Amino acid sequence: MSDYMFMLESHMRPQQFAIVQLVQAAAEQAGLNVYLSGGAMRDMLGGFPLQDVDFTVEGSPAKLVKQLAAKNGAVVLAEDALRKSWELRFPSGVVSGIGMAHEARYARPGAKPQVKPATIHEDLRGRDFTINAIALSLNRASRGLLIDPTNGQGDLEAREIRTTGNYTLYDDPSRILRMLRLKTRLGFEVSPRTQSQYENVREAKLELKITPEQLYHELRAMADEPNPGLLIETLEREGLLTLFAPSITGAKLNLPGHEKLLKLRQMVPFGAEFHSENLGLFLFVLTEKLSAKERAGLVKFLGIPKADLATMTKLDAASKKLEATLKSAKLNRASLVYQTLLTAPGEQILYLAYKSAQRLVQDRIKKHLTQYLPGVIEITDQEVSNWCGLAPEDEKFPQKRKDYILGRLDGRIRKPAPEPVPEPEPQPPGRMLRQPSAARAPR
Ligand code: CTP
């Protein structure tokens, strides 16, 4: 196995690596060359948490996508017919982009490009930033070969954002938003030449060529950023937020709201069983301080699809039942709060922690996130095994583990005392310092 394939396996979640294997096998069967590319490579090589698993195929991936949907239960989230690229969600929850390697020619800045199929090298050279223009071959003959025609690896090391060419931001001005998003997320510097390209594009007011569709694409991406509030602040400072909605300025930026949501998210312990859909919560906080008219204007201008909008508008009603359960006097044990919240949708939990006027509801959620979940993560199978006398492979073990967790949360089962560290056997003074005779340096 090449070093990069090994790196891939150790950096990805098992569900993500399973998708790499699945797509690799399906492409091979279809006789297509496939590469892991874009954000997935940047995040893996840069040591950042890997979000989506993106693939590029030489030739049209249309049939491959159809097959992944029919045979493997992948759901198509979005399709770009021009570039022949699809965004899929697999049953394991992994989101993956599959696109055709292509070359795009722009007649004018911001114009709809002419797209034609290309090789992976040509495709990478036409991408936005060098750190996004790296691919890894998943093909039998060259599996594990890194393709990095613009030295993206060097820029990852130097922590620098650099365009792949001198017209990158002119061709597609929406890339200025991507640049600021990447810069905010990764904390990288923009290279001086890219910065001056950015300034020239702004001087020419090319940001006005960004289409509402591209703006909404960015807004959706913002929802999944680790710190959306910081990005909003950056866009405001750069005078770019008004592109999305002229009404979002001053107090209507709702920076305290974004900060509050960020703090709540940060309470979720790493490795906990917790999943939340970000879009609805983000849209809620983004538009919280707008009037109904301003909100409707934003939705219309960006053409927010109904299904996406519903993730925001239905949040309040959808959380009511959970709120009622959480304030009930019946929920008088930690284990009951834990069980209720373990199966509740994460976005409802965070919404209630953000918005509920009920003190009890807020307290119970915060205890769940900051005490119960971290406590449960620490419980090892060995500990459960010592308590119940069953091996983890035993079919009754999962139920015993659940009983143990609930017992521990309610204090019915005590935390075991830490295993005593064996004392080193007493040695005659000086003996431990002596080296074994064979290893002694010759005199
Ligand atoms: N891309 C581009 N110009 C754009 C949009 C995308 O060159 N206007 C390229 C980028 O190199 C990117 C790839 O297409 O890596 C896939 O796009 P997308 O999935 O939107 O980007 P990711 O890098 O995967 O995602 P993100 O930046 O949101 O983590």
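Owing to the predicted nature of the structure, the values given are computational and were not obtained by experimental measurement.

Draft legend 1. Representation of the layout of surface pockets in the model. What the second largest pocket holds in volume is close to 210 Å³. Of the residues forming the lining of the second largest pocket, the biggest block, four residues, is contributed by helix H20 (residues 381–388). When grouped by side-chain class, the residues that make up the lining of the second largest pocket number six nonpolar, three polar and four charged.

Draft legend 2. Structural view of the sheet that holds strand E9 (residues 146–147). On the basis of which strands lie adjacent, the open sheet formed by seven strands has the order E3-E4-E5-E2-E1-E8-E9 and mixed pairing. Across the chains shown, the open sheet's two edge strands, defined by having one partner strand only, are strand E3 (75–80) and E9.

Draft legend 3. Main features of the environment of Ile210. Relative to the helices and strands, Ile210 resides in the loop between helix H9 (192–203) and helix H10 (212–223). By relative accessible area, Ile210 is classed as buried at 7%. Distance from Ile210 to Ser174, taken between C-alpha atoms, is 5.4 Å for residues 36 residues apart in sequence. In this structure Ile210 touches Pro173, Ser174, Ile176, Leu177, Leu215 and Leu243, once residues within four positions along its chain are discounted.

Draft legend 4. Focus on unusual backbone geometry. Located in the positive-phi region is Lys84, a residue other than glycine, with phi close to 50°. For Lys84, the location among the structural elements is in the loop between E3 and strand E4 (85–89). Using a relative accessible area of 35% as the deciding quantity, one classes Lys84 as partly exposed. Of note in the backbone geometry, Asn254 takes a positive phi value of approximately 55° without being a glycine. Of note, Asn254 is situated in the loop between helix H11 (228–237) and helix H12 (255–267).

Draft legend 5. Seen up close, empty space enclosed by the protein. By the definition in use, this model includes one cavity of 30 Å³ or more. There is about 70 Å³ of room inside the largest cavity. Taken together, Pro226, Pro228, Gly229, His258, Leu261, Leu262, Arg265 and Phe282 form the lining of the largest cavity. Put simply, the parts of the chain that give the lining of the largest cavity at least two residues each are H11 and H12. Examining the composition of the lining of the largest cavity, we find that four residues originate from one element, H12, more than from any other. Looking at the lining of the largest cavity residue by residue, the classes come out as five nonpolar, two polar and one charged.

Draft legend 6. Quick look at the packing of aromatic side chains. Applying the stated criterion across every chain yields a total of five aromatic pairs. Taking the centre distance of 6.2 Å and the plane angle of 55° together, the rings of Tyr167 and Tyr170 count as tilted. Tyr170 sits in the partly exposed class, given a relative accessible area of 23%. Here Trp387 and Tyr404 contribute two aromatic rings whose centre-to-centre distance is 5.2 Å and whose plane-to-plane angle is 55°, an arrangement assigned as tilted.

Rules and cut-offs
- Residues numbered from 1 in each chain as written.
- Predicted model: local features only at pLDDT ≥ 70, side-chain atom pairs only at ≥ 80, totals over all residues.
- Heavy atoms only, no water.
- 1 Å grid on protein atoms, 1.4 Å probe; cavity = no way out; pocket = protein on both sides within 12 Å on 5 of 7 lines; lining within 4 Å.
- Points joined across faces, edges and corners; volume = space filled by probe spheres on them.
- Helix = DSSP H or I, 4+ residues; strand = E, 2+ residues; numbered from the N terminus.
- Nonpolar A, V, L, I, M, F, W, Y, C, P; charged D, E, K, R; others polar.
- Pairing = 2+ DSSP bridges.
- Buried < 20%, exposed > 50% of the residue type's maximum accessible area, 1.4 Å probe, protein only.
- Contact = heavy atoms within 4.5 Å.
- Phe/Tyr/Trp six-rings, centres within 6.5 Å; stacked < 30°, edge-to-face > 60°.

Structural measurements only, silent on function.
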